[in-house]
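Here's the letter readout for the chains.
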Amino acid sequence: MAQKKIALIGAGNIGGTLAHLCVLKGLGDVVLFDVIDGLPQGKALDMLEAGPIEGYDANITGTTSYADIAGADVCIVTAGVARKPGMSRDDLLGINCKIMSDVSSNIKQYAPDSLVIVITNPLDAMVTLTKRVTGFPKNRVVGQAGVLDSARYRTFIAQELCVSVQNVTAMVLGGHGDDMVPVRSYCQVGGVPIEKLISTARLEEIEQRTRQAGGEIVALLKTGSAFYSPASAAVQMAAAYLQDKKHILPCAAYLEGEYGIDGVYFGVPVSIGAGGVERVIEVDLSDKEKQEMEVSVGHVRELVTAMDALLEKGE
Ligand code: APR
């Protein structure tokens with residue numbers, strides 16, 4: 001059976017980790033692309049040489065030529081600049097929007113049938129730009145944010161209660177910024193609603209830590225941002241597509257009226273299968289959660305407006 005082909009655009013911290021996870025999980029052959037000559041080739045060769053130990057036969061190549069991504073089933077984009085201490089994700093808008101325009105037009109040309117998963121920040125604006133430039137249908141352009149944000153929320157809850165992370169179900173919706181929405185009403189531990197297990201005051205602290213969890217890691221690393229967990233999150237989405245799992249995951253999806261929101265990418269639960277984003281799942285939210293979603297969507301719209309202004313000025 002022919003192997004699936006996964007193109008990773010950006011071979012930095014997340015790109016390298018993505019490649020490793022893809023081959024360890026047997027998802028397919030991997031092409032690592034970057035603009036820095038030697039970086040993708042070196043990482044690819046290093047990983048190839050781990051194959052006999054780990055027992056994978058996947059082909060892993062590194063390249064600076066977009067022609068090599070031809071025929072990719074999935075493109076996962078991390079090309080761009082990561083934040084440093086003191087920066088918000090939005091501070092990356094100017095620089096990453098130029099990079100993403102270039103990346104998207106090359107994906108359009110060389111991998112026109114692929115599913116594109118965007119990780120580059122500021123995520124909600126970058127995924128919007130990708131859809132515009134590629135012209136791909138909405139089911140084939142999706143942003144990674146909610147899987148990661150939800151995993152962070154689940155981690156903190158599991159730590160608080162000393163239970164397995166596998167017993168914690170939770171989702172974080174909305175934009176991938178400091179006003180993301182941890183949805184307390186759907187958070188359960190072993191099927192028990194979270195509000196029966198943790199006090200409201202403590203839950204608020206945990207949710208605030210979740211909103212700022214990316215910044216917490218940036219402050220520790222000092223030279224970049226999180227990469228293991230974002231890579232795991234995107235690989236879960238790619239696996240759902242490549243293996244037609246119909247996995248329900250919180251992702252940045254293009255909304256056309258769902259949740260009363262129109263014409264914007266926003267974090268909501270979706271089902272991912274062979275058709276890409278096959279369905280947006282609408283869940284009932286509390287009044288407080290609805291209000292928080294409104295604030296968050298307002299922020300995403302402002303970000304897209306700021307991006308449009310930069311693009312118009314040619315910056
Ligand atoms: N085309 C392809 N790759 C590019 C381009 C471009 N035009 N410009 C930069 N890159 C590459 C860089 O050379 C670098 O290797 O993107 C890579 C980014 O890697 P890192 O700096 O290690 O950043 P990483 O931690 O992987 O994060 C990438 O994901 O989570 C977001 O905020 C994060 O926007 C950042 C992105």
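Residues numbered from 1 in each chain as written. Predicted model: local features only at pLDDT ≥ 70, side-chain atom pairs only at ≥ 80, totals over all residues. Heavy atoms only, no water.

## Details of the overall build of the protein chain
Move 1: A tally of regular secondary structure across the protein chain gives 10 helices and 14 strands.
Move 2: Relative to a compact globule of 315 residues, whose C-alpha radius of gyration would be 20 Å, the protein chain shows 19 Å and is just as compact.
Move 3: Projected onto its principal axes, the C-alpha coordinates of the protein chain cover approximately 50 × 50 × 40 Å.
Move 4: Considering only contacts within the protein chain whose residues lie at least 6 apart along the sequence, 68% involve residues at least 24 apart.
Move 5: Total accessible area computed for the protein chain in this model is approximately 13,700 Å², and 51% of it derives from carbon and sulfur atoms.
Move 6: If you average the places of the 28 positive and of the 38 negative side-chain charges in the protein chain, the two averages end up 1 Å apart. (Helix = DSSP H or I, 4+ residues; strand = E, 2+ residues; numbered from the N terminus. Rg over C-alpha atoms; globule rule 2.2 N^0.38 Å. Contact = heavy atoms within 4.5 Å. Areas by Shrake-Rupley, 256 points an atom, 1.4 Å probe, with all protein chains shown as cover. Lys, Arg positive; Asp, Glu negative; His and termini not counted. Charge placed at Lys NZ, Arg CZ, Asp CG, Glu CD.)

## Quick look at the packing of aromatic side chains
Move 1: Under the definition given, this model contains three aromatic pairs.
Move 2: Ring centres of Phe33 and Tyr66 lie 3.9 Å apart, and the angle between their planes is 25°; on these two criteria the pair is classed as stacked. Here Tyr66 lies in the loop between strand 3 (60-63) and strand 4 (74-77) and Phe33 lies in strand 2 (residues 29-33), a separation of 33 residues in the sequence.
Move 3: The lysine or arginine in question, Lys131, covers the ring of Tyr254, its NZ or CZ lying 4.8 Å from the ring centre.
Move 4: When the ring centre of Phe136 is taken as reference, the NZ or CZ atom of Arg140 above it lies at 4.5 Å. (Phe/Tyr/Trp six-rings, centres within 6.5 Å; stacked < 30°, edge-to-face > 60°. Lys NZ or Arg CZ within 6 Å of the ring centre and 35° of its normal.)

## Brief notes about the domain arrangement of the protein chain
Move 1: Under the domain assignment, the protein chain is made up of domain 1 (5-143) and domain 2 (146-306).
Move 2: Inter-centroid distance (C-alpha atoms) of domain 1 to domain 2 is 22 Å.
Move 3: Tallying the contact residues gives 37 residues for domain 1 and 39 residues for domain 2.
Move 4: Where domain 1 meets domain 2, there are one salt bridge.
Move 5: Where domain 1 touches domain 2, the interface holds eight residue pairs in polar contact (both at pLDDT 80 or more).
Move 6: Elements with a contribution of two residues or more to the side of domain 1 that touches domain 2: helix 1 (13-24), strand 4, strand 5 (115-118), helix 5 (123-134) and strand 6 (141-143).
Move 7: Top element by residues in the side of domain 1 that touches domain 2 is helix 5. It accounts for seven residues.
Move 8: Its residues assigned to classes, the side of domain 1 that touches domain 2 shows 20 nonpolar, six polar and 11 charged. (Domains from an automatic or database assignment. Salt bridge = Lys/Arg side-chain N within 4 Å of Asp/Glu carboxyl O. Polar contact = N/O pair within 3.5 Å; in protein donor to acceptor, adjacent residues only side chain to side chain. Nonpolar A, V, L, I, M, F, W, Y, C, P; charged D, E, K, R; others polar.)

## A few points about the pattern of salt bridges
Proximity of charged atoms lets side chains of opposite charge pair with each other.
Move 1: Within this structure, the stated rule accounts for 12 salt bridges.
Move 2: Arg152 is the salt-bridge partner of Asp149, the closest N and O atoms lying 4.0 Å from each other. With Asp149 and Arg152 both in helix 6 (residues 146-161), this residue pair falls three residues apart, about one helical turn. Of the two residues, Asp149 and Arg152, neither departs from the other in class, the shared state being buried.
Move 3: A salt bridge links Lys288 to Glu292; the shortest N-O distance between them is 3.0 Å. With a gap of four residues between them, Lys288 and Glu292 both fall in helix 10 (residues 287-313), about one helical turn apart.
Move 4: The network of salt bridges with shared partners includes Arg184, Glu195, Glu204 and Glu207. (Buried < 20%, exposed > 50% of the residue type's maximum accessible area, 1.4 Å probe, protein only.)

## Quick notes on the environment of Gln243
Move 1: Assignment of secondary structure puts Gln243 in the loop between helix 9 (228-242) and strand 12 (247-256).
Move 2: With 30 residues separating them along the chain, Gln243 and Gly273 place their C-alpha atoms 7.2 Å apart.

## Things to note about the environment of Lys222
Move 1: Take Lys222: it is sitting in the loop between helix 8 (213-221) and helix 9.
Move 2: In this view, Lys222 contacts Lys84 and Pro85; residues no more than four positions away in its chain are not counted.
Move 3: A polar side-chain atom of Lys222 sits 3.4 Å from the main-chain carbonyl oxygen of Leu220.

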